[in-house]
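Tertiary structure, described
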Amino acid sequence: MEFPALYLADMPPEAVLDPRIVREASIAVKRNRARYLETMSTSSLVSLIASLGEECRHPTNPFRQRMLTQGPAHTGLSPASLASGLDRFFESLTRDSILDLLRQDLGHERRLDEICSTPVEQRANKSSVATGPEMIGHITPRLLPVSALQSMVLGLLAKSSQFFRCSPGTSLIPRVFAHALHALDSRVGSCLEFAEWSSEQQELTDALIAESGCVTAAGQDETLISIRSRVPAGVRFLGFGNRLSFAFISKDLLVPHNLGRLAGKAAADVATWDQLGCLSPQVIYVEEGGAASPESFAEKLAQELDRVESEEPRAVLAPEVSATITRLRGLYEIRASAGTGTQLWKSENSTAWTVIFEQDPQFQKSCLHRFIYVKGVRSVDDMLQAADVVRGQVSTVGLAVHDGDAPEIVYRLARWGVSRVCPLGRMQQPPAAWRHDGRLGLAELVQWTDWEH
């Protein structure tokens, strides 16, 4: 199926962009926003987004098929891994989950439609309305495609036109998602724009920033600092730096008949998006003293990762990345042979997955691509002390503990600085209303107007 050229990124590769084209495209989407998107009710937008998620889950949907047939070449992920990751996102786009997001972030699902008030505001004789930026400029690096899709949904709910600057070769998934939206409602689809250019083409980025009422960016801290310095005063800048995650399993759940279930959940967290997301665990801490040992869990995790590899193969890696994994494996094999409390399990004849067990609880950053550390700890305190080196950088902790113990542990993790805690097995399945890095994604986009009466 041939798709029409709707966006700048649909143009042939030989097409040349210049600042004038970026400005004119920005003006066009802002004009379309004023005509269509700004006048739509939030309820109809919620229904449209929910329909989009449902359509994209259907196996015969042509846009889904294009994502899955062409996406692997653009993302490096295997078709099965890409389908699994995208489906987790599409499944989160239900009408109820989006309404929950609106109520959580804005206090009222009609806050972007009219002046309204919550019961608390009514008692204070106050009402308010929220207004999204005329245009959001998204500067997306080579991150997982789901990040751009999440940003697109938030921007639509804010009733903002959006211009996505994608790194070369990375626009396919969000662009096809926008084509799917355009097929459902061409007026809303015309409020989006996509283009690819490199970070060196700063004159294009400056043209985008100049037309934006809000600029979002993700990536390394130095990248965010550079972009922030180019955003003028009065234009909102939302930067999201790199984060990492880990998991904790209580000794109370570590019984032999439960090992397979726990390992299966942990393997799913490790394998989703090939462990490349900020929400993927890099270390799994296992409390010592249970009926089964942390080493037994590590061995079971290796078996589960081997099973997952047969169903959702990891991507084929660049030679230099495979070489890094091979080098690290060699290092840990030497340690294991020296009897230093290290054990290693690995895929045969490939670098598809690696499990390293270490008695030393010190947090160790993974080289990713399904390379996971399992470390024994005496307690939650022991874990937090071992992970102190990454304190302030942690996004998510996957938890496997008794329900009665969870509130106290979550409270301690929150005070330590963790922004999200979820059950093991759901680390890469945040709900639509999750607070990215502990921040209200939709609320940060809008400007509030209060009416005291």
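Above this text is the structure in question.
Here goes a summary of the coordinates provided. (Residues numbered from 1 in each chain as written. Predicted model: local features only at pLDDT ≥ 70, side-chain atom pairs only at ≥ 80, totals over all residues. Heavy atoms only, no water.)

Concerning helix α14 (residues 319–337)
- With 19 residues, α14 ought to run about 27 Å at 1.5 Å a step, and its terminal C-alpha atoms sit 27 Å apart, in line with that.
- Burial in α14 covers these residues: Ser322, Ile325, Leu328, Arg329 and Tyr332. Projected onto a plane normal to the axis of α14, the buried residues spread over an arc of 125° and lie on a single side. In α14, those exposed residues whose orientation departs by more than 90 degrees from the buried face are Pro319, Glu320, Arg327, Ile334 and Ser337.
- Buried-residue contacts for α14 involve β9 (342–346), β10 (354–358) and β11 (371–377). (Helix = DSSP H or I, 4+ residues; strand = E, 2+ residues; numbered from the N terminus. Expected span 1.5 Å × (residues − 1). Buried < 20%, exposed > 50% of the residue type's maximum accessible area, 1.4 Å probe, protein only. Arc of directions from axis to C-beta. Contact = heavy atoms within 4.5 Å.)

Considering the side chain of glutamine 275
- Mapped onto the fold, glutamine 275 is located in the loop between α12 (259–271) and β8 (281–287).
- For glutamine 275, the residues in contact, after removing those within four places along its chain, are Val270, Ser280, Pro281, Gln282, Ser366, Leu368, His369, Arg370, Phe371 and Ile372.

Overview of the packing of helix α2 (residues 42–57) against helix α4 (residues 79–91)
- The geometry of α2 relative to α4 is characterised by a closest axis approach of 8 Å and an angle of 150° between their N-to-C directions. By the angle between their directions, the pair α2 and α4 is classed as roughly antiparallel. Along this stretch, α2 crosses α4, giving a crossing that reads as left-handed. Touching Gly53, Cys56 and Arg57 of α2 are Asp87, Phe90 and Glu91, all from α4. (Axes fitted to C-alpha atoms, helices over the stretch in contact; angles between N-to-C directions. Parallel < 35°, antiparallel > 145°, perpendicular 65-115°, else oblique. Left-handed = near helix turned anticlockwise from the far one by under 90°.)

Focus: the side chain of lysine 375
- Mapped onto the fold, lysine 375 is located in strand β11.
- Overall, the relative accessible area of 1% leaves lysine 375 in the buried class.
- Reaching out from lysine 375, the side chain makes a polar contact with the backbone oxygen of aspartate 360 at a distance of 2.9 Å.
- With sequence-adjacent residues up to four places away left out, lysine 375 is seen in contact with Val283, Ile284, Tyr285, Val286, Glu358, Asp360, Pro361, Gln362 and Gln364. (Polar contact = N/O pair within 3.5 Å; in protein donor to acceptor, adjacent residues only side chain to side chain.)

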